[in-house]
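Structural overview for review
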Amino acid sequence: MHQNDGVSFTSSPLKIPLSQTPAFQLTETRHLAFQLIDSLRNRFNNVKHHSTQFNVSAQSELGVRSSTRRSPLLCFASVSLAAEKQSIGRSPLLYSAFLSLTQPDSTESTQDGHLATAGPFGEERVLVGEVLVRNKDGEELERKDLEMEALNALKACGANSALTAWEVQEDVDRIIDSGYFSSCTPVAVDSRDGIRLVFQVEPNQELRGLVCEGANVLPSKFLENAFRDGHGKVVNLKRLDQVISSINGWYMDRGIFGLVSGVDIFSGGIVRLKVAESEVNDISVRFLDRKTGEPTKGKTKPATILSQLTTKKGQVYSRLQGKRDVDAISAMSLMDVSILPQSAGDAGKVDLIMNVVERPSGRFSAGAGISSGITSDLLSGLFGSFAYSERNLFGKNQKLNVSLERGQIDSTFRINYTDPWIEGNDKQTSRTITVQNSRSSGTLVHGNQHDNSSLSIGRVTAGVEFSRPLRPKWSGTAGLFFQRAGAHDEKKNPLIKDFYGSPLTASGKLYDDMLLAKVECVYPGSGNKGSSMFIINMEQGLPVMPDWLYFNRVNTRVSKSVKLGPARLLLRLSGGHVVGNFPPHEAFAIGGTNSVRGYKEGAVGSGQSYVVGSSEVSLKMLGPVEGVIFADYGHDLWSGPNVPGNPAAARNKRGSGYGYGIGIRLNSPLGLLRLEYAFNDRFAKRLHFAFGNPK
């Protein structure tokens with residue numbers, strides 16, 4: 001084809017791979033790594049798309065007018081780097097054409113040696129008779145679909161149209177923006193019918209393979225799905241831009257410090273993605289003064305804090321994982337903590353600084369309550385309590401509790417030492433050592449004596465137990481305890497039998513000695529209304545010595561809450577069984593505030609086995625006040641005679657019964673207060689008052 005001697009279009013294509021632009025050299029300079037980390041730490045600032053810009057200039061001698069349009073590909077490159085207050089333009093990965101329209105005989109004046117500026121208006125137009133799309137050698141494209149993509153992109157250029165250089169340049173940009181072509185050069189050719197405008201394009205290669213570098217946490221399946229539709233097809237850079245945005249979105253949604261930092265397309269259709277993921281270089285603890293905010297010396301051992309973290313050195317840092325770590329440390333109730341990511345010395349890595357403000361860990365407390373094991377008036381069940389607790393013993397989050405509860409009948413002195421996380425154990429296993437001396441009412445099984453005096457069961461217990469999470473929302477506990485138990489009258493004299501001649505110990509001695517192995521499994525649910533709860537525990541008496549008791553006791557509880565419009569239905573079921581050489585006070589007492597309401601404590605039955613079911617319908621009334629309607633039923637499964645001495649028969653306990661009634665609940669600063677009025681199947685009525693949810 002012969003070039004037109006009067007009018008010519010010339011172009012100067014330029015390609016700048018993304019991996020060569022300064023904005024993406026994330027692994028080469030510490031400064032840019034800081035910018036990446038800083039921008040991502042600020043909640044991954046939204047990608048800012050910059051408007052298309054044109055740089056227009058004119059040179060009088062050559063009559064040159066050019067425009068460069070920045071490509072929309074890889075628009076994530078314009079993430080604001082807050083450290084420098086700068087914005088980075090769109091990637092110049094696509095080819096841009098520099099177009100000139102030259103009239104040999106025309107000249108434009110200049111002043112003071114400066115170039116005159118030409119705009120889109122006032123330019124001389126050139127009549128074009130025909131518009132074609134060809135390859136870079138001037139031949140027809142092998143793929144007609146690509147030719148149609150280029151022709152469809154044209155808006156100004158058409159057959160028998162008068163065009164300016166500006167309009168031709170805009171159509172060149174539109175062809176490039178279609179995403180199918182790596183370059184476009186407009187050429188004016190003289191023909192018999194006038195000037196023929198030929199757009200010489202270079203199509204992108206077909207996608208034949210994908211290489212991803214630096215993606216340690218990005219699932220390969222995600223990449224496969226993202227590129228599956230494009231395999232074997234011509235690479236569309238607009239589609240590639242969308243894929244890269246989806247990859248960056250995957251990181252953003254999971255709070256992970258990572259993004260695509262570079263893209264290369266090699267001969268043979270191989271696309272290489274470079275991914276920058278910020279790994280944790282170091283984790284340090286910095287204690288701050290609560291009043292001044294200045295660094296200070298902390299009481300807690302840094303290793304104790306670090307042991308709570310799931311984030312480890314060498315991992316790709318995740319904000320969501322960091323939040324879970326903060327929640328885990330806050331659950332210790334010892335400190336307020338925040339995590340501050342900062343640039344590390346190595347590019348692409350991050351240091352985590354934990355700012356810790358400690359809370360007071362030791363305190364004294366006092367309180368009062370009402371025992372649920374009282375069968376007479378409420379005042380006899382009142383007790384007071386005093387306790388001292390240290391929640392950060394030795395700076396290792398170890399806890400020491402010394403408490404005393406004292407009432408007219410019940411009393412407990414307890415010393416607990418707990419290590420919430422045994423050193424060197426990676427299963428979050430805790431250890432609790434307990435020493436306890438308690439006295440509780442024995443009337444649940446044996447009732448009052450003939451002179452209306454009460455008897456109590458005294459227990460001295462010492463042992464150790466271990467707890468650990470089993471799976472999400474499940475925990476398990478296992479322990480070993482020595483216990484000595486016996487009955488006493490109101491003057492603290494030991495008793496072997498009650499008024500009816502029923503034995504009070506299993507061995508026939510003043511005290512029963514037993515070594516108990518305990519196992520418990522708990523599913524607490526989500527903790528909110530509507531969740532389920534499941535607890536099962538077992539105690540096994542081990543006859544290490546000939547006169548030590550040998551028995552097995554199993555107890556289980558389950559509950560489920562269901563929403564019924566504005567009301568809520570709560571269903572509870574509990575049951576248990578004991579077998580072997582067990583003392584009578586280890587039998588299951590049925591009836592009372594936390595069993596079958598409408599009866600005194602233990603008045604329904606005392607059995608070797610039992611089952612109790614309960615249903616409640618509660619409805620919000622005013623503020624923290626709820627109204628409730630309930631019904632309970634309990635049965636000893638005809639096992640009362642199997643208890644040593646059959647204390648239930650001597651006291652005319654039928655072994656089964658039900659109760660129903662109404663009540664109100666108040667969520668107070670002291671906890672849940674319950675006031676319930678109940679009727680039973682013997683036409684008796686009873687008022688129940690208690691703290692906390694029914695057991």
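What counts, and at which threshold
Residues numbered from 1 in each chain as written. Predicted model: local features only at pLDDT ≥ 70, side-chain atom pairs only at ≥ 80, totals over all residues. Heavy atoms only, no water. Helix = DSSP H or I, 4+ residues; strand = E, 2+ residues; numbered from the N terminus. Buried < 20%, exposed > 50% of the residue type's maximum accessible area, 1.4 Å probe, protein only. Contact = heavy atoms within 4.5 Å. Areas by Shrake-Rupley, 256 points an atom, 1.4 Å probe, with all protein chains shown as cover. Axes fitted to C-alpha atoms, helices over the stretch in contact; angles between N-to-C directions. Parallel < 35°, antiparallel > 145°, perpendicular 65-115°, else oblique. Left-handed = near helix turned anticlockwise from the far one by under 90°. Nonpolar A, V, L, I, M, F, W, Y, C, P; charged D, E, K, R; others polar. Pairing = 2+ DSSP bridges. Phe/Tyr/Trp six-rings, centres within 6.5 Å; stacked < 30°, edge-to-face > 60°. pLDDT = per-residue confidence, 0-100. Expected span 1.5 Å × (residues − 1). Polar contact = N/O pair within 3.5 Å; in protein donor to acceptor, adjacent residues only side chain to side chain. Salt bridge = Lys/Arg side-chain N within 4 Å of Asp/Glu carboxyl O. Disulfide = S-S within 2.5 Å.

**What to know about the overall build of the protein**
- Per the secondary structure count, the protein includes nine helices and 33 strands.
- Sorting the 695 residues of the protein into buried and exposed places 46% on the buried side.
- Taking contacts inside the protein between residues at least 6 apart in sequence as the whole, the part at least 24 apart equals 60%.
- Total accessible area on the protein is roughly 35200 Å²; 54% of this is exposed by carbon and sulfur atoms.

**Structural notes on the packing of helix α4 (residues 220-227) against helix α5 (residues 237-253)**
- Between α4 and α5, whose axes approach to 10 Å, the crossing angle comes to 155°. The pairing of α4 with α5 is recorded here as roughly antiparallel in orientation. α5 is crossed by α4, and the crossing has right-handed handedness. Touching F222, L223, A226 and F227 of α4 are R239, L240, V243, S246, I247 and W250, all from α5.
- Of the residues contributing to the contact of α4 with α5, the split by class is eight nonpolar, one polar and one charged.

**Quick word on the environment of G479**
- Structurally, the position occupied by G479 is in strand β21 (residues 474-488).
- For the pair G479 and F466, spaced 13 residues apart in sequence, the C-alpha separation works out to 6.0 Å.
- Ignoring any residue separated from it by four or fewer positions in sequence, one finds G479 in contact with V464, E465, L516, A517 and K518.

**Quick word on the sheet that holds strand β5 (residues 126-135)**
- If you trace the four strands from one edge of the open sheet to the other, you get β6-β5-β8-β7, paired in mixed fashion. Among the strands making up the open sheet, the edge pair consists of β6 (161-163) and β7 (181-191). For this sheet, the mean inter-axis angle between neighbouring strands, taken without regard to orientation, is 45°.
- Looking at chain direction, β7 and strand β8 (residues 194-203) are connected through 10 bridges and run antiparallel. By the bridge assignment for β8, V187 is matched with V198.

**Quick look at the sheet that holds strand β13 (residues 335-343)**
- Spatially, three strands are ordered β12-β14-β13 in an open sheet, and the strand pairing comes out mixed. In this open sheet, the two strands that pair with only one neighbour each are β12 (279-287) and β13. For this sheet, the mean angle separating the axes of adjacent strands, direction not counted, is 20°.
- Looking at chain direction, β13 and strand β14 (residues 349-358) are connected through nine bridges and run antiparallel.

**Thoughts on the packing of aromatic side chains**
- Applying the stated criterion to the full structure yields 13 aromatic pairs.
- Their ring planes at 75° and their centres at 5.7 Å tell us that F689 and F691 sit as a pair that is edge-to-face.
- Note on F689: relative accessible area 28%, which makes it partly exposed.
- Classification of F691 by relative accessible area gives partly exposed; the value is 39%.

**Description of the confidence of the model for the protein**
- With 79% of its residues at a pLDDT of 70 or more, the protein shows a mean pLDDT of 80.
- In the predicted structure, residues 1-120 sits below a pLDDT of 50 and forms 249 contacts with residues beyond four places in sequence or in another chain.

**A look at the environment of C184**
- As for its position among the elements, C184 is in strand β7.
- Judged by relative accessible area, which is 3%, C184 ranks as buried.
- Sequence separation of C184 and V198 is 14 residues, and the distance between their C-alpha atoms is 9.9 Å.

**Examining helix α3 (residues 165-177)**
- When the terminal C-alpha atoms of α3 are compared, their 18 Å separation across 13 residues agrees well with the 18 Å that a helix rising 1.5 Å per residue should span.
- Turning to α3, its buried residues are A165, W166, E167, V168, Q169, D171, V172, D173, I175, I176 and D177.

**Quick word on α5**
- Its 17 residues place the ends of α5 24 Å apart at the C-alpha level, agreeing with the 24 Å of an ideal helix rising 1.5 Å per residue.
- Within the sequence span of α5, burial applies to L237, L240, D241, V243, I244, I247, N248, G249, W250 and Y251.
- On the buried face of α5, the contacting elements are α4, β10 (258-266) and β11 (270-277).
- Where α5 begins, the side chain of N236 points an oxygen toward the backbone nitrogen of K238, at a separation of 2.8 Å.
- G255 occupies a position one or two residues after α5 and carries a positive phi of about 65°.

**Notes on the environment of V625**
- Inspection of the secondary structure assignment puts V625 in strand β30 (residues 625-635).
- Taking the C-alpha atoms as reference points, V625 and L672, separated by 47 residues in sequence, lie 10.0 Å from one another.
- When residues no more than four places from it in sequence are discounted, the contact partners of V625 are K620, R665 and L666.

**Focus: the pairing of β30**
- Of the strand pairs in this sheet, strand β29 (residues 609-620) and β30 are connected by 10 bridges, and their pairing is antiparallel. Bridge pairing in β30 places S614 opposite D632.
- Hairpin connection of β29 to β30: four residues between the antiparallel strands, including G623 at a positive phi of 55°.
- Looking at chain direction, β30 and strand β31 (residues 656-668) are connected through 11 bridges and run antiparallel. What sits directly across from V628, in β31, is G663.

**Notes on the pattern of salt bridges**
- Counting across every chain of the model gives 31 salt bridges.
- D419 is the partner of R431 in a salt bridge, and the nearest nitrogen-oxygen pair spans 3.7 Å. Here the residue R431 occupies a position in strand β19 (residues 430-441), and D419 occupies one in strand β18 (residues 411-419), the gap between them amounting to 12 residues.
- Overall, D419 belongs to the buried group, its relative accessible area being 5%.
- Here R665 and E616 are joined by a salt bridge, their closest N and O atoms 3.1 Å apart. One end of the pair, R665, is in strand β31; the other, E616, is in strand β29, and 49 residues separate them in sequence.

**What to know about the state of the cysteines**
- Applying the stated criterion to the full structure yields zero disulfides.
- Left unpaired, C157 is separated from the closest cysteine sulfur, that of C184, by 9.4 Å.
- A residue is classified by how much of its surface remains accessible, and C157, at 8% relative accessible area, is buried.

**Digging into the side chain of E539**
- Residue position: E539 is located in strand β24 (residues 532-542).
- Among the residues examined, E539 registers a relative accessible area of 18% and is labelled buried.
- Contacts of E539, omitting those with residues within four sequence positions, involve L516, A517, K518, F551, N552 and R553.

**Some thoughts on the pairing of strand β17 (residues 398-407)**
- Bridge count between strand β16 (residues 382-393) and β17: nine bridges; the pairing is antiparallel. Counterpart to L393 in the pairing with β17 is Q398.
- Counting the residues between successive antiparallel strands, the hairpin from β16 to β17 contains four residues, one of them, F394, with a positive phi of roughly 60°.
- Sheet analysis places β17 next to β18, joined by eight bridges and oriented antiparallel. Bridging from a neighbouring strand, E405 pairs with T412 of β18.
- Between the end of β17 and the start of β18, which pair antiparallel, lie three residues.

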